[in-house]
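# Residue-level structural notes
Spelled out, the chains give:
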Amino acid sequence: LKYRIIMKKVSNKLVSAAIVILSVLLDTFSKNLAIFALKDTGEIDFAVIPGILHFTYHENRGAAFGMLSENRWIFMTISSIAIIAIAAYLFFNKENSSLLSYSLSMILGGGIGNMIDRVFLGYVVDFISVSFFPLIFNFADCCVVIGAICLIIYVLFTKEGRSDEKKASDNSVE
């Protein structure tokens, strides 16, 4: 029984690490493909599904969806702190549920993917444009959003998430 518990924790951490690594690799690959296929060829907009899905090259110099473009270093500092905090939590916390670990791993992978662009390019490459959403985004943004949705589901709809929330409120009362 003890062996199974240990193996579950180890496997949970390995899957989390794989999610982070795959998120970063797929994000980097897709952005490099966008640079090569869109920016370098001069064809800034390519209709994948006309009227619904376009690949549109855009250099985002701000935070999420272009906000705070004049405060790049402040945003990079806040992002770095968040990346370190999530990574530390995933690594050191022994009692993570799978859903919590995987959602945080997606957020972490997306955050690292966009941070790589900010550090090495000075901007984030965005290229996905859909007709029902007004802003251009990238694979890392998708990871962050999906991870955040899963995190909300964990907090609102799982027994562990609700008990974590109750523990936090009980501790703040004391």
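To start, this report covers the structure provided alongside it. (Residues numbered from 1 in each chain as written. Predicted model: local features only at pLDDT ≥ 70, side-chain atom pairs only at ≥ 80, totals over all residues. Heavy atoms only, no water.)

## Overview of helix 3 (residues 98–121)
- Look at helix 3: 34 Å from first C-alpha to last across 24 residues, which is about the 34 Å you get at 1.5 Å a residue.
- G122, located one to two residues past helix 3, shows a positive phi value of around 90°. (Helix = DSSP H or I, 4+ residues; strand = E, 2+ residues; numbered from the N terminus. Expected span 1.5 Å × (residues − 1).)

## Some details on the packing of aromatic side chains
- For the coordinates displayed, the defined rule picks out three aromatic pairs.
- With centroids separated by 4.8 Å and ring planes inclined at 90°, the aromatic side chains of F91 and F92 adopt a geometry described as edge-to-face. F92 shares its class with F91; the two are exposed.
- Judged by centre distance (6.0 Å) and plane angle (80°), the ring pair of F133 and F137 falls under edge-to-face.
- F133 sits in the partly exposed class, given a relative accessible area of 32%.
- Under the relative-accessibility criterion, F137 is labelled buried at 15%. (Phe/Tyr/Trp six-rings, centres within 6.5 Å; stacked < 30°, edge-to-face > 60°. Buried < 20%, exposed > 50% of the residue type's maximum accessible area, 1.4 Å probe, protein only.)

## Remarks on the layout of surface pockets
- Looking at the second largest pocket, its volume works out to about 280 Å³.
- As for the second largest pocket, its lining consists of 13 residues, of which K9, N12, K94, E95 and N96 are closest to the centre.
- Elements supplying a minimum of two residues to the lining of the second largest pocket: helix 1 (2–39) and helix 3.
- Among the elements that take part in the lining of the second largest pocket, helix 1 stands out by supplying five residues, more than any other.
- Grouping the amino acids of the lining of the second largest pocket by side-chain chemistry returns one nonpolar, seven polar and five charged. (1 Å grid on protein atoms, 1.4 Å probe; cavity = no way out; pocket = protein on both sides within 12 Å on 5 of 7 lines; lining within 4 Å. Points joined across faces, edges and corners; volume = space filled by probe spheres on them. Nonpolar A, V, L, I, M, F, W, Y, C, P; charged D, E, K, R; others polar.)

## Structural notes on the pattern of salt bridges
- In total, this model carries four salt bridges according to the counting rule given.
- D27 serves as the salt-bridge partner of K31, at 2.8 Å between the closest nitrogen and oxygen. On the criterion of helical spacing, the pair formed by K31 and D27 is a turn pair, its members being four residues apart in helix 1.
- The exposure class of K31 is buried, given its relative accessible area of 2%.
- A salt bridge links K39 to E59; its shortest N-O distance comes to 3.4 Å. Of this pair, K39 sits in helix 1 while E59 sits in strand 2 (residues 53–60); the two residues are 20 residues apart in sequence, bridging distant segments of the chain.
- Overall, K39 belongs to the partly exposed group, its relative accessible area being 35%.
- Overlapping salt bridges bring together D27, K31 and D117 as one network. (Salt bridge = Lys/Arg side-chain N within 4 Å of Asp/Glu carboxyl O.)

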